[in-house]
Amino acid sequence: MLNIKDLYASVDGHQILKGLDLSVKAGEVHAIMGPNGSGKSTLSKIVAGHPQYTVDRGSIEFEINGAMTNIAAMEPDLRAREGIFLAFQYPVEIPGVPTSEFLRSSYNALARHHGLAEMDPLDFDPFIREKMKVLEMDEKYIDRAVNVDFSGGEKKRNEILQMAVLNPRLAVLDETDSGLDVDSMKIVAHGVNVLRTKRNAMVVITHYQRLLNYIKPDIVHVLYQGRIIKTAGPELALQIEEKGYDWLIA
Amino acid sequence: MIGSSPDMDHLTAVPQIFRFRRRSEATDIMRIPAGARHIVLHVEEGARVAVAGNFGPSEVEAVLEEGAHLEILRVARADGISPCVSHFKARLAAGSCLRSFFFTRGESGVSDDINVVLEGAGAGVFLNGLHLLAGEAKAESTTNIEHAAPSTTSDQLYKCLLRDTSYSLFNGRILVRREAQLTNAYQLNKNMLLSTQARADTRPELEIFADDVKCSHGATIGHMDHDQLFYLQTRGIDKAAAGEMLTNGFVEDVVDRISDPRLKNEVQRSLR
């Protein structure tokens, strides 16, 4: 469903990705690990379509209506409507916009795109509260402005809540475990696992192995200096936990 | 409430005095008559009142006795030929609380001059402002807060949304006198520029003579936030709708600080 070939990408004139290849099929969970500064976050932003990141070479293909389509020039909102979701490492605060209204606008944007019925606030309210229960989120957050006065952990839960609302085909989780204590991480991981199906795929970007105890990957990649330098099964994450990255880099 | 001169003369600036009796609570919003030039609001000890007006060029004075509460909403349309100039002065006795929301929209000039003296211990003032400017509008807001007694609070949030070639200037002065220990004073001025030709200036001025105080000020002038836009777009919301959401949010954030639900409703209605 996602096929990245020989991708070179830069931000502010700095080359970050240097010939990255990644192929993800429906039903798979991929973990991308790597030391700081290897390009993990850049990869997530490039897939989501951040305007400050440029694709210099290579292609990013995503399956749309059964056909692999190069999305490198596609607006981020259209990518999202086609089923790509990015859970942010640092979720953005949007003062003055209530979370409920934001989530409903987002849901309706996708519904319109796919010719489905939109929801009014009365329909949406029970729908969203049900999803919040899975993530053990306090209902008070629904009335607050998006991510404003949310704790670090609540922001991360809010990302997964958005994922649950949009039900993407491809979810990229960028360091979702950073800043989470173990209990919160279990809840977030449970929220993610509930959404895991044979139809969708996930790319879990993480610096540490611990999240992968709860979200079990099928394939583990190591990203270093802008390229995937090793791909293996889940055992690779455990080896990294034990030995660090040095043995892979040398 | 007693209106002293129902047949006031609009041309002479003889003050029209409104008095809110001790410990009374006005159930209705008091309306400042359109065209009023000089108004005095005298809120006696422990009285609570909400005041609204579309007053244009004018002078409004408020006197708050001990424990009095006044919330005042000013809505102005700056569309005339001459700038809309208004002066607002307030004196606050111990434990009293003043909240204000000055709202302007339009394409011509507006100038607000606000002077508040916190005379009694524990008094608090919450000044909020919102200018929605377009065309060649020029807005100047000057606030002058004097902390003259201990444990007083001032909190200001002024926001400006600027289109076309409009311009905003915010002058915010906070004076903390030596006797005003344990003062809390906050000031924030935020300007969102929606065109490349809109401009804004901000001039904070803090004079602090007491040593045990908390004082802070901040200002932002900038275009729409790219990270916020991107975030909304990654949730399927197209760029135009995301931009509208962000400008509405920018405005709503300050409107939210209106405490009286009726006054808040009034502002929200006029924003639609």
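The model shown is predicted, which means the values in this text are computed figures rather than measured ones.

Draft legend 1. Here's a closer look at the overall build of chain B. Within chain B one finds three helices and 17 strands. Since a compact globule built from 272 residues should have a radius of gyration of about 19 Å, the 19 Å found for chain B is in line with a globular shape. For chain B, the residues scored as buried account for 50% of the 272 residues in total. Mean positive and mean negative side-chain charge positions of chain B (30 and 36 charges, respectively) differ by 2 Å.

Draft legend 2. Representation of the pairing of strand β2 (residues 14-24) of chain A. The pairing of strand β1 (residues 2-11) of chain A with β2(A) spans eight bridges and is classified as antiparallel. Across the sheet, A:Ala9 pairs through a bridge with A:Leu17, a residue of β2(A).

Draft legend 3. Representation of the sheet that holds strand β9 (residues 97-106) of chain B within the structure. Residue and element names in this part refer to chain B. Reading across the sheet, the eight strands line up as β3-β5-β7-β9-β11-β13-β15-β17 and stay open at both edges, with parallel pairing between neighbours. Strand pairing shows two members of the sheet lacking a second neighbour, β3 (30-31) and β17 (214-222), which therefore form its edges. Packed onto the sheet, helix α2 (residues 239-255) meets β9, β11 (124-133), β13 (153-162) and β15 (184-193) and runs at close to 155° relative to β13. Across the sheet, helix α3 (residues 261-271) touches β3, β5 (48-53), β7 (69-78), β9 and β11, and the angle it forms with β9 is around 10°.

Draft legend 4. Representation of the interface of chain B and chain A in the model. Each side of the interface is counted separately: chain B has 18 residues, and chain A has 33 residues. A buried area of about 1,900 Å², summed over both sides, lies between chain B and chain A, and 66% of it is on carbon and sulfur atoms. The three residues of chain B that bury the most area against chain A are B:Phe230, B:Tyr231 and B:Arg235, which together make up 40% of that side's buried surface. At the junction of chain B and chain A, the tally comes to one salt bridge. Residue A:Glu159 pairs with B:Arg235 through a salt bridge whose shortest N-O separation is 2.7 Å. Our enumeration of links across chain B and chain A arrives at 11 residue pairs in polar contact (both at pLDDT 80 or more). For the side of chain B that touches chain A, the leading source of residues is α2(B), giving seven residues. Along the lines of polarity and charge, the residues of the side of chain B that touches chain A split into seven nonpolar, five polar and six charged.

Draft legend 5. Spatial organisation of the confidence of the model for chain B. Of all residues in chain B, 93% have pLDDT values of 70 or greater, and the mean over the chain is 91. Note on residues 1-11 of chain B: pLDDT is under 50 here. Beyond four places in sequence and across chains, it has 20 contacts.

Draft legend 6. The arrangement of unusual backbone geometry in detail. Residues and elements named next belong to chain A. Backbone geometry at Asn65 places phi at a positive 50°, although glycine is not the residue there. Positive phi values are uncommon outside glycine, yet Asn147 reaches one of about 65°. Checked against the element boundaries, Asn147 lands in the loop between β8 (145-146) and α5 (152-166). Residue class for Asn147 comes out buried when judged on its relative accessible area of 0%.

Draft legend 7. Representation of the environment of B:Arg22 in the model. All names here are of chain B. Relative to the assigned elements, Arg22 resides in the loop between β2 (16-20) and β3. C-alpha separation for the pair Arg22 and Ala68, spaced 46 residues apart in sequence, amounts to 8.6 Å. Within the structure, the side chain of Arg22 is placed 3.4 Å from the side chain of Glu45, a separation counted as a polar contact.

Draft legend 8. Structural detail: the side chain of A:Lys155. Among the structural elements, A:Lys155 can be located in helix α5. For A:Lys155, a relative accessible area of 16% gives the class buried.

Draft legend 9. Seen up close, the environment of A:Asp246. Summarising the element assignment, A:Asp246 is placed in helix α8 (residues 246-249). A:Asp246 sits 211 residues away from A:Pro35 along the chain, and the two C-alpha atoms are 9.5 Å apart.

Draft legend 10. A look at helix α4 (residues 121-134) of chain A. All names here are of chain A. For α4, with 14 residues, the first-to-last C-alpha span of 20 Å sits near the 20 Å given by 1.5 Å per residue. Where α4 is concerned, the buried positions are Phe124, Ile128 and Met132. End-on view of α4: buried residues confined to an arc of 65°, all on one side of the axis. Those residues of α4 that are exposed and angled more than 90 degrees off the buried face are Leu122 and Lys133. In this structure, the buried side of α4 is in contact with α3 (99-113) and α5. At the exit of α4 stands Glu136, carrying a positive phi of roughly 50°.

Draft legend 11. Layout of the environment of A:Ser106. Tracing the chain through its elements places A:Ser106 in helix α3. Not counting residues within four places of it along the chain, the set of residues in contact with A:Ser106 comprises A:Leu166, B:Arg235 and B:Ile237.

Draft legend 12. Region of the structure containing the packing of aromatic side chains. If you walk through the whole model with that rule in mind, you get 10 aromatic pairs over all chains. When the ring of A:Phe124 is compared with that of A:Phe127, the centres are 5.5 Å apart and the planes differ by 45°; the resulting orientation is tilted. One end of the pair is A:Phe124 and the other is A:Phe127, both in helix α4 and three residues apart, which spans about a single turn. For A:Phe124, a relative accessible area of 2% translates into the label buried. For A:Phe127, a relative accessible area of 22% gives the class partly exposed. Seen from their ring centres, B:Tyr158 and B:Phe170 are 5.1 Å apart, and the 35° between their planes marks the pair as tilted. A residue pair is termed long-range when its members are at least 10 positions apart, and B:Tyr158 in strand β13 and B:Phe170 in strand β14 (residues 167-176) qualify at 12 residues. In this pair, the class of B:Tyr158 matches that of B:Phe170, namely buried.

Conventions we followed
Residues numbered from 1 in each chain as written. Chains lettered and ligands numbered in written order. Predicted model: local features only at pLDDT ≥ 70, side-chain atom pairs only at ≥ 80, totals over all residues. Heavy atoms only, no water. Helix = DSSP H or I, 4+ residues; strand = E, 2+ residues; numbered from the N terminus. Rg over C-alpha atoms; globule rule 2.2 N^0.38 Å. Buried < 20%, exposed > 50% of the residue type's maximum accessible area, 1.4 Å probe, protein only. Lys, Arg positive; Asp, Glu negative; His and termini not counted. Charge placed at Lys NZ, Arg CZ, Asp CG, Glu CD. Pairing = 2+ DSSP bridges. Contact = heavy atoms within 4.5 Å. Axes fitted to C-alpha atoms, helices over the stretch in contact; angles between N-to-C directions. Buried area = accessible area lost by both parts, 1.4 Å probe. Salt bridge = Lys/Arg side-chain N within 4 Å of Asp/Glu carboxyl O. Polar contact = N/O pair within 3.5 Å; in protein donor to acceptor, adjacent residues only side chain to side chain. Nonpolar A, V, L, I, M, F, W, Y, C, P; charged D, E, K, R; others polar. pLDDT = per-residue confidence, 0-100. Expected span 1.5 Å × (residues − 1). Arc of directions from axis to C-beta. Phe/Tyr/Trp six-rings, centres within 6.5 Å; stacked < 30°, edge-to-face > 60°.

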